[in-house]
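# Inside the fold
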Amino acid sequence: MARLAVNVDHVATVRQARGITEPDPVLAAGMAELAGAVGIICHLREDRRHIQDRDVLLLRQIVKTKLNLEMAATPEMVRIARSIGPDLVTLVPEKREELTTEGGLDVKAKAGFYKKAIRRLQQKRIEVSLFVDPDAEQIEVSHDIGADIVEIHTGHYAESRSEAEARKQFDRIARAVEKAAELDLGISAGHGLNYVNVQRFKTLPEVEEYSIGHSIVARAISVGLDQAVREMVELVKGF
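This report concerns the structure included in the present document. (Residues numbered from 1 in each chain as written. Predicted model: local features only at pLDDT ≥ 70, side-chain atom pairs only at ≥ 80, totals over all residues. Heavy atoms only, no water.)

## Let's talk about the nonpolar core
Formally: The nonpolar core is taken to be a set of buried Ala, Val, Leu, Ile, Met, Phe, Trp, Tyr and Cys residues, with the residues joined through side-chain atoms within 4.5 Å. Only protein chains enter the calculation, and the probe is 1.4 Å; a residue is then buried if its accessible area is under 20% of its type maximum, exposed if over 50%, and partly exposed in between. In what follows, residue pairs with any heavy atoms lying within 4.5 Å of each other are defined as contacts.
Formed by 74 residues in total, the largest nonpolar core has its most connected members in L91, L130, F201, Y210, I216 and V229. Apart from residues no more than four positions distant in its own chain, L91 is found in contact with M71, A72, A73, L105, Y114, A117, I118, L121, V128, S129, L130 and F131.

## Notes on a positive patch on the surface
Selection criterion: Patches draw on residues past 30% relative accessible area with no salt bridge. Two like charges within 9 Å are joined, as are two nonpolar side chains (Val, Leu, Ile, Met, Phe, Trp, Tyr) within 5 Å. Accessible surface area values rest on a Shrake-Rupley calculation with a 1.4 Å probe, where residue burial reflects the displayed protein chains alone. Basic side-chain nitrogens of Lys or Arg form a salt bridge, by our definition, when they fall within 4 Å of a carboxyl oxygen of Asp or Glu. Charge assignment in this entry is limited to Lys and Arg as positive and Asp and Glu as negative, and neither His nor the chain termini are counted. Charged side chains are reduced to one point each, which is NZ for Lys, CZ for Arg, CG for Asp and CD for Glu. What counts as a helix is a DSSP run of H or I of at least four residues, what counts as a strand is a run of E of at least two, and both are numbered from the N terminus.
A grouping of R79, K115, K116, R119, R120 and K124 is seen on the molecular surface, where their side chains present a positively charged patch. Secondary-structure assignment places R120 in helix α5 (residues 111–122).

## Description of the pattern of salt bridges
Inspection of every chain in the model, using the stated rule, returns 17 salt bridges. Between D53 and R48 there is a salt bridge, and its shortest N-O distance comes to 2.7 Å. According to the relative accessible area criterion, D53 is partly exposed, its value standing at 32%. K237 is the partner of E234 in a salt bridge, and the nearest nitrogen-oxygen pair spans 2.9 Å. Taken together, the residues span about one helical turn, with E234 and K237 both in helix α10 (residues 225–237) at a distance of three residues. Using a relative accessible area of 48% as the deciding quantity, one classes E234 as partly exposed.

## Things to note about the packing of helix α9 (residues 214–223) against α10
This is how the line gets drawn: Axis geometry follows a simple rule: fit a line to the C-alpha atoms, using only the stretch in contact for helices, then measure angles between N-to-C directions, giving values from 0 to 180 degrees. Under this scheme an angle from 65 to 115 degrees is roughly perpendicular, one under 35 degrees roughly parallel, and one over 145 degrees roughly antiparallel; angles in between are oblique. Should the near helix be turned anticlockwise from the far one by less than a right angle, the crossing is left-handed, and should it be turned clockwise, the crossing is right-handed.
At a minimum axis distance of 7 Å, the contact between α9 and α10 shows a crossing angle of 130 degrees. In terms of orientation, α9 lies oblique with respect to α10. Of the two elements, α9 crosses α10, and the hand of that crossing is right-handed. Residues S215, I216, R219, A220 and V223 of α9 form the contact with α10, whose participating residues are L225, Q227, A228, V229, E231 and M232.

## Let's talk about the side chain of S215
Of note, S215 is situated in helix α9. Since its relative accessible area comes to 13%, S215 is described here as buried. Once residues within four sequence positions are removed from consideration, S215 is found in contact with L193, N194, Y195 and M232.

## Regarding the environment of K110
Relative to the helices and strands, K110 resides in the loop between β4 (88–91) and α5. Between the C-alpha atoms of K110 and V63, which are 47 residues apart in sequence, the distance is 32 Å.

Just distances and angles here, no functional claims.
This is how it looks when you write it as structure tokens:
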């Protein structure tokens, strides 16, 4: 049975649009847990465009399930993570000019760099996930440098404009999941998944957890956050 972790970044995006105190991603995290989420995700970006340091500190105090801190593998962020102690860190690529994360880490090109970051985080008993494209070589190197989990980037699948393209991209994901399972890595998936396109993943029982945020926050505008989370929990637990 797959699990759902809810990303609360875009609750913070709405708050930051006005520069005020609401809506509060910390309150949203508690509501998501009560609705059945087994983890809360937040991305502390270098430019602090949505999640703020205050949010991460409070989330560490109130999250009862699992706190997953997404971040770039910079010295500043590694120091913050080692100080706060999330349950899990997901290392992601980051560019100031992007609207959202555009692809996976190039672990193969910077294996030594990421290995050092992984080691420093694991010294504090923080599990480490690497956000990677559905590519066997990237997954193999992730395993070799000590990652606990790989999160498969599903963005290209989610952005497919035709059924043929969606099938092609999903096949890439399926092969990547198979490779990660062979290596006994933890497996999660996320980026651009919604209530419709996630349903294809019921054929991939090896995926243990889904990281979903934007589509849940978007649906919450119509039906409320509690119902939006419960609906996604029901979807993925059937996988």
